[in-house]
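# Descriptive structure summary
What follows is each chain in one-letter form.
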Amino acid sequence: MTDSLSDMIACPKCDALHRVPRVAPGEQAKCVRCGTVLMAPKEGAMTRIVMLSVTALILMVAAVFFPFLELSVQGLGTTSSVFDAVLAFSDGLMLPLSFAVAALIVVLPITRFIALIYVFAPMALGWAPARRAKDAYKLAERIRPWAMAEIFIIGVAVALVKVAGLAQVTLGPAFWAFVGLVIITMLKDNFMCRVTVWQTLNARSPS
């Protein structure tokens, strides 16, 4: 990047170029063309992101291994977990689907949470960024669209509406863990100002 563009930022919606402003915590910088928020740093954001990511990891373990739901029909019942759902596609030609379900619902979200903890925890303590923290943050941003825990819970909710008329459905602790996971993920992303993250990483990284 040339010196003339090193202090510029492009709007993610309309591509209008702006000079990177100085924005205090609690304030916002918006695109002059379309009004998209470009920067919105928050006080104590790094500490909150770390805490929320750790909480999300704990909820993910509960969401995967605890009972997700129980179906009862005419006195016969069965209980299943997300782990059981992944294993249900593990035979024959359905094996790739099993890998896809495990990756999109479990592996990628966990990878992203761990990467964010690795990036933000040292800086939240006032230390220099961890080794290869920039690469870890790039990874977290690249896999963000593919971490589909929230899409999974929406799909389950739609399926439950259809199944409810055929069987008695009891929601297990893993279902509510997934709901909490989605809420925490939304809160975490709300605290994250990506431009500020890169500015902090560049400012604190050893030259």
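Just above sits the structure.
Here we summarise the structure given alongside this text. (Residues numbered from 1 in each chain as written. Predicted model: local features only at pLDDT ≥ 70, side-chain atom pairs only at ≥ 80, totals over all residues. Heavy atoms only, no water.)

With that out of the way, let us pick up the pattern of salt bridges. A full pass over the atoms with the stated rule returns 6 salt bridges. The partner of Asp135 in a salt bridge is Arg132, with the nearest N and O atoms 2.7 Å apart. Overall, Arg132 belongs to the exposed group, its relative accessible area being 59%. Ionic contacts of the salt-bridge type, sharing partners, join the residues Arg112, Glu141, Arg144, Lys188, Asp189 and Arg194 into one network. (Salt bridge = Lys/Arg side-chain N within 4 Å of Asp/Glu carboxyl O. Buried < 20%, exposed > 50% of the residue type's maximum accessible area, 1.4 Å probe, protein only.)

On to the nonpolar core, then. The nonpolar side chains of a soluble globular protein tend to be buried, and buried together. Ranked by size, the top nonpolar core spans 41 residues in total, and within it Phe68, Phe120, Tyr137 and Phe178 carry the most contacts. Secondary-structure elements contributing two or more residues to this core are helix H1 (45–65), helix H2 (82–87), helix H3 (95–124), helix H4 (133–143), helix H5 (149–163), helix H6 (173–191) and helix H7 (194–204). For this core, the element with the highest residue contribution is H3, accounting for 10 residues. Within the second largest apolar cluster, 11 residues are counted, among which are Cys11, Ala29, Leu38 and Val195. (Core = buried A, V, L, I, M, F, W, Y, C linked by side-chain atoms within 4.5 Å. Helix = DSSP H or I, 4+ residues; strand = E, 2+ residues; numbered from the N terminus.)

In short, shape yes, function no, at least from these values alone.
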